[in-house]
Amino acid sequence: MAIHTFNAITYSNKLANAGLDKKIADVQAEELSNIINNDLVTKHYFREHLDNRLNALLLRIGGMLVAAVGILFVLLKYHS
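Counting of residues starts from 1 at the beginning of each chain's written sequence and follows it residue by residue. The predicted origin of the model limits local features to residues at a pLDDT of at least 70 and limits the giving and counting of side-chain atom pairs to 80 or more, whereas totals for whole chains, interfaces and linings rest on all residues. Hydrogen atoms and water are omitted, and side-chain values are computed over all heavy atoms in the structure.

Asker: Hey, could you go over the packing of aromatic side chains for me, with residue numbers and the actual values?
Answerer: We call Phe, Tyr and Trp rings a pair once their centres come within 6.5 Å, taking the six-membered ring for Trp, and we label the pair stacked below 30 degrees between planes, edge-to-face above 60, and tilted otherwise. Using the criterion set out here, one finds 1 aromatic pair in the structure. With 5.4 Å between their ring centres and 55° between their planes, phenylalanine 6 and tyrosine 11 make a pair best called tilted. The class of phenylalanine 6 is partly exposed, set by a relative accessible area of 28%. We call a residue buried when its accessible area falls under 20% of the maximum for its residue type, exposed when it is over 50%, and partly exposed in between, using a 1.4 Å probe and counting protein chains only.

Okay, structure coming up:
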């Protein structure tokens, strides 16, 4: 698996070399760097939190199933 890094200075220089004003290129690179570093989720982080949510959901479903079976047995016992 390849790990990609974002180099804001290289990105800014490429924008400036393409004709964009240097100040605008610097701001664009800085903002994109902030988005990448703060807002993107890694696969590991996503999988870890997804697994946690799945475990919590399975526990809830299991609890509801146990409760439903218990209620069913009680109803069948007293109905007979």
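From this point, the discussion proceeds with the structure in view.
Asker: Can you lay out the pattern of salt bridges for me, pointing to particular residues and giving the numbers?
Answerer: The working definition used for a salt bridge is a side-chain nitrogen of Lys or Arg within 4 Å of a carboxyl oxygen of Asp or Glu. In total, this model carries 1 salt bridge according to the counting rule given. Residue lysine 22 pairs with aspartate 26 through a salt bridge whose shortest N-O separation is 3.4 Å. Here lysine 22 and its partner aspartate 26 are both found in helix α2 (residues 22-39), 4 residues apart, which amounts to about one turn of the helix. Helix numbers and strand numbers start at the N terminus; a helix is a DSSP run of H or I with at least 4 residues, a strand a run of E with at least 2.

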